[in-house]
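Tertiary structure, described
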Amino acid sequence: MKYLLLTLSILLPITVKALYHQPKVVIFSSIQNLHSTLADLDIDIQDLYDNELESIDFDASCLKPSTFEVLKEAEILITEPKILANILEHDPDILQKLRWCQSTFAGVDAIFKSNALKAWKDSKQRDAPFPFIVTRISGCFGQPIAEWVIGRIISFERNFKLMDNNQVKRKWGENLGVLKSYRNLSDLTLVILGGCGDIGSCIAKVAKLGFAMKVIAYTKHSRIDAPTGVDECTTDLSHALKSADYLVSVLPSTPETRGLLSRSV
Ligand SMILES: *[C@@H]1O[C@H](CO)[C@@H](O)[C@H](O)[C@H]1NC(C)=O
């Protein structure tokens, strides 16, 4: 959220100034209070927050007529990729004036996974360029994801689930053999697919500097310099997989990465 605000507070005023007119800026996001936190920017922003946006089954075919009218005028839109994809799939012409969409997420695969692009192209002449740019947010997801990854690894190695179950059943001293036979993280190897990116290198740093794990990063292109926390960068997937005690994938979902971990590797 902090990063999203930072990005917006830098980019919005520049963009708005660069245009010859006051563009219509619209927020259509499940993140509440986005509008009030941008109030300092002194830009006219219309917030279409609606608690229905928080539903995982957001459906653009149920847009309120008033929302529909505002979206039709939007030139800059701040929204989730899934919502954008859903609107485009439903009716590509709704966003006819859109020039820039700022995603509130890091991953924008929802747009590519859906039929949104196809719907857009079919509704225009063949190969018409997408008439607006989509920018994503990055730089703020590494720490929470690293905490999640390390949390899961420790929980697994130390058998927290069994401990919790024993506690609930008031079984003190049960399964001691299993509970005592844990491995030190410093003896384990963590392989991160996409380990040199923003999120991957943050996980590597926490695993290496915090827990002395061996960290191998799998990347698409070979690199000479490994980021802090990465012991080894490799483009050899089977080598990486063979070395792994734990495997984390933070690769973006693209046609190239989909199915990467199929049975054949
Ligand atoms: C874990 O590390 C400690 C301290 O270095 C060591 O005494 C212990 O033997 C290690 N445990 C295993 C299972 O290797």
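Residues numbered from 1 in each chain as written. Predicted model: local features only at pLDDT ≥ 70, side-chain atom pairs only at ≥ 80, totals over all residues. Heavy atoms only, no water.

Some points on the site of the ligand
Taken together, Tyr182, Asn184 and Asp187 are the residues near the ligand. In this structure, Asn184 approaches the ligand through a side-chain N or O atom, which is 2.2 Å from an oxygen atom. Within the side chain of Asp187, a nitrogen or oxygen atom sits 3.5 Å from an oxygen atom of the ligand. Protein chains bury 25% of the 360 Å² of accessible surface belonging to the ligand in isolation. (Near = heavy atom within 4 Å. Polar contact = N/O pair within 3.5 Å; in protein donor to acceptor, adjacent residues only side chain to side chain. Areas by Shrake-Rupley, 256 points an atom, 1.4 Å probe, with all protein chains shown as cover.)

Examining the sheet that holds strand 3 (residues 76–79)
Strand order in this open sheet of five strands is 2-1-3-4-5, and the pairing throughout is parallel. Whereas interior strands pair on both sides, the edge strands pair on one side only; in this sheet they are strand 2 (45–47) and strand 5 (133–135). Averaged over all neighbouring strand pairs, the angle between strand axes comes to 20°, with direction disregarded. As defined by bridge partners, strand 3 adjoins strand 4 (residues 100–103) across four bridges and the pair is classed as parallel. Pairing of Ile78 across the sheet is with Gln102, part of strand 4. Contacts from helix 3 (residues 65–73) reach strand 1 (25–28), strand 2 and strand 3 within the one sheet, and its direction differs from that of strand 1 by about 135°. Each of strand 1, strand 3, strand 4 and strand 5 is contacted by helix 4 (residues 81–90), which is oriented at about 120° to strand 3, the strand it contacts most. (Pairing = 2+ DSSP bridges. Helix = DSSP H or I, 4+ residues; strand = E, 2+ residues; numbered from the N terminus. Axes fitted to C-alpha atoms, helices over the stretch in contact; angles between N-to-C directions. Contact = heavy atoms within 4.5 Å.)

What to know about the pattern of salt bridges
Evaluation of the coordinates by the stated rule reveals seven salt bridges. Note that Lys171 is salt-bridged to Glu174, the shortest N-O span being 3.8 Å. The partly exposed category is assigned to Lys171, whose relative accessible area is 34%. Note on Glu174: relative accessible area 33%, which makes it partly exposed. In this structure, Arg223 and Asp225 form a salt bridge, with 3.6 Å as the shortest nitrogen-oxygen distance. (Salt bridge = Lys/Arg side-chain N within 4 Å of Asp/Glu carboxyl O. Buried < 20%, exposed > 50% of the residue type's maximum accessible area, 1.4 Å probe, protein only.)

A word on the domain arrangement of the protein
Taken domain by domain, the protein consists of domain 1 (2–135) and domain 2 (142–249). Between the C-alpha centres of domain 1 and domain 2 there is a distance of 36 Å. (Domains from an automatic or database assignment.)

Let's talk about the nonpolar core
Nonpolar side chains tend to gather and get buried jointly when the protein is soluble and globular. Phe28, Phe58, Leu71, Leu77, Leu84, Ile87 and Leu95 are the most contacted members of the largest nonpolar core, which totals 24 residues. Residue assignment for this core shows that the elements contributing at least two residues are strand 1, helix 3 and helix 4. Take this core: its biggest share by element is five residues, from helix 4. Not counting the four nearest positions on each side in its chain, Phe28 is found in contact with Leu48, Leu53, Phe58, Leu63, Thr67, Leu71, Leu77, Ile78, Thr79, Glu80, Ile83 and Ile87. Of all hydrophobic cores here, the second largest spans 19 residues; its members include Val149, Ala207, Val215 and Tyr246. (Core = buried A, V, L, I, M, F, W, Y, C linked by side-chain atoms within 4.5 Å.)

Re the side chain of Thr219
For Thr219, the location among the structural elements is in the loop between strand 7 (214–218) and strand 8 (232–234). Relative accessible area serves as the criterion here: at 10%, Thr219 is assigned to the buried category. In terms of polar contacts, Thr219 uses its side chain to reach the backbone carbonyl oxygen of His221, at 2.9 Å. Residues within four places of Thr219 in sequence aside, it is in contact with Cys196, Thr234 and Thr235.

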